[in-house]
Amino acid sequence: MLRTPVCELLGIELPVVCAPFGPWNEVPLAVAVCEAGGLGSLGTAARDLARLRDEWAEMRRLTSRPFAVNHTTRPLDEDAFQATIEDRPRVISFHLAVPRDLISRAHDAGILWIQQVMDARQAAEALDAGADVLIAQGGEAGGHGGEVSTLVLVPQVVDMAGDTPVLAAGGIADGRGLAAALVLGAQGVSMGTRFLASQEMPASDEWKERIVAADAVDAVKVAGSERILPPYSRPGSFGVPRALRTPFVDTLREKPEDIDPGEAGPRLMRAIHAGRGDEFMPFAGQSAALVHDIRPAGEIVRGVVREAEAVLAGQHR
Ligand SMILES: Cc1cc2nc3c(=O)[nH]c(=O)nc-3n(C[C@H](O)[C@H](O)[C@H](O)COP(=O)(O)O)c2cc1C
């Protein structure tokens, strides 16, 4: 099946990454993706160290394949980062800013670094700081992202990256997206929304069903969300989340002053800690429009690759 050089580097069989989902447990999904030959990821937001260590141990119990542990600057948890270094996953992935010092610490521990970037300036910073793989994340993406579209950002970053592999993210949910990413010079894809609507993802059925039912215009940038989300902890951080519309999202976008941060912030965090939060802000990308079913993650990995191969061979419309 389709392999690119980044597969060798990351120790995976197929060039498909399942995105990290910040504060939501996704161990069963990551296991399924790894076992299907892709790279599973684990987010680290909003949990204490004991819970993170349990998730990493569970992951290693269920798969011997490589996986990524993700950190962001919203905010960076230094203790969790140091514990990650000590746990030595094959890969650390990072989003929202480029932390040169943390990249050095990962490399000193023999851990690969995947840096997600949202524009060309950030890509230049990441290349200069020695990132091993870049994810060029277009503004279509679910969760936090920038404004530049995937179709513009991927070739722009590929042109800058030289021998450093680039993966494409944002708006990709099927084999046509993977094929397009390869044609643009990427070596593979990272998908979030598609994998969120998988059988193994321990998210609420309502969230998954809303993704299946959504059109692209239902996944909106949540301007005003900085009122209730934790602040960034490092300079140079940016990103505005994209989520499906809810009354809460609409109020944040249109009348943010109606939301009381002192009440709404803790309410959202309490829901997130209980594995929910989607009733307020169901993160999802425009690619929700391309997701028509809730499928096993392994089938998603293999199906996307098979379809891309057929597209590239001219056997698919
Ligand atoms: C629910 C959700 C949570 C996310 N959390 C993170 C995160 O914690 N760290 C990160 O690097 N990216 C995160 N992302 C962004 C993904 O890495 C990825 O760029 C995005 O999902 C790609 O766009 P797509 O959703 O159209 O596939 C998240 C995305 C979603 C949908």
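Engineer: Which residues make up the pairing of strand β5 (residues 112–117), and what are the values?
Structural biologist: In terms of burial, β5 is largely enclosed, as five of its six residues are buried. Summarising the sheet, strand β4 (residues 91–95) and β5 pair through four bridges and their orientation is parallel. What sits directly across from V91, in β5, is L112. Note on the crossover from β4 through helix α5 (residues 100–108) to β5: the handedness is right-handed.

Engineer: Report on the domain arrangement of the chain, specifying residues and quantitative values.
Structural biologist: By a frequent convention, interface size equals the accessible area lost on bringing the separate parts together. By the assigned domains, the chain splits into domain 1 (5–202 + 293–312) and domain 2 (205–273). Taken over C-alpha atoms, the centre of domain 1 sits 22 Å from the centre of domain 2. Counting residues at the interface gives 22 residues for domain 1 and 20 residues for domain 2. Elements with a contribution of two residues or more to the side of domain 1 that touches domain 2: β7 (143–145) and α9 (193–196). Classifying every residue of the side of domain 1 that touches domain 2 by side-chain character gives 13 nonpolar, seven polar and two charged.

Engineer: Give me the site of the ligand: which residues, what numbers.
Structural biologist: For the ligand, the set of nearby residues contains 30 residues, the closest of which are H95, G142, G143, G192 and G285. Contributing elements (two or more residues each) for the shell around the ligand: β3 (67–72), β4, β9 (188–191) and α9. Tallying contributions element by element places α9 first for the shell around the ligand, with three residues.

Engineer: Describe in detail the sheet that holds strand β6 (residues 133–137), supporting the description with residues and values.
Structural biologist: Pairing is parallel across the open sheet formed by eight strands, whose spatial order is β1-β9-β8-β6-β5-β4-β3-β2. A single partner strand is all that each edge strand has here, and the edge strands are β1 (16–18) and β2 (40–42). With direction set aside, neighbouring strand axes in the sheet form an average angle of 25 degrees. Judged from the four bridges that link them, β6 and strand β8 (residues 166–169) form a sheet pairing that is parallel. Note on β8: the bridge partner recorded for L134 is V166.

Engineer: Describe helix α13 (residues 297–312), naming the residues involved and giving the relevant values.
Structural biologist: Given a rise of 1.5 Å per residue, 16 residues ought to cover 22 Å, and the 23 Å separating the end C-alpha atoms of α13 matches this to within 8%. Every buried residue of α13 is accounted for by A297, I300, V301, V304, V305, A308 and V311. Considered in projection along α13, the buried side chains sweep an arc of 125 degrees and stay on one side of the axis. Among the structural elements, β1, α2 (27–35), α8 (175–183) and α9 are those in contact with the buried residues of α13. Just past α13, the residue G314 takes up positive phi, approximately 75 degrees.

Engineer: Describe the packing of α8 against α13, naming the residues involved and giving the relevant values.
Structural biologist: The geometry of a pair of packed helices is captured by two quantities: the angle between their axes and the separation between those axes. As a packed pair, α8 and α13 sit with axes 7 Å apart at the nearest point and diverge in direction by 60 degrees. In this view, α8 runs oblique relative to α13, as classed from their interaxial angle. Crossing angle aside, the handedness with which α8 passes α13 is right-handed. Contacts between α8 and α13 pair G175, R176, L178, A179 and L182 from the former with G303, V304, V305, R306, E307, A308, A310, V311 and L312 from the latter. In terms of residue class, the contact of α8 with α13 is built from nine nonpolar, two polar and three charged.

What counts, and at which threshold
- Residues numbered from 1 in each chain as written.
- Predicted model: local features only at pLDDT ≥ 70, side-chain atom pairs only at ≥ 80, totals over all residues.
- Buried ≥ 20, exposed ≤ 12 C-beta atoms within 10 Å, placed from the backbone.
- Helix = DSSP H or I, 4+ residues; strand = E, 2+ residues; numbered from the N terminus.
- Pairing = 2+ DSSP bridges.
- Right-handed = clockwise from strand over helix to strand, strands pointing away.
- Domains from an automatic or database assignment.
- Contact = placed C-beta atoms within 7 Å.
- Nonpolar A, V, L, I, M, F, W, Y, C, P; charged D, E, K, R; others polar.
- Near = placed C-beta within 6 Å.
- Axes fitted to C-alpha atoms, helices over the stretch in contact; angles between N-to-C directions.
- Expected span 1.5 Å × (residues − 1).
- Arc of directions from axis to C-beta.
- Parallel < 35°, antiparallel > 145°, perpendicular 65-115°, else oblique.
- Left-handed = near helix turned anticlockwise from the far one by under 90°.

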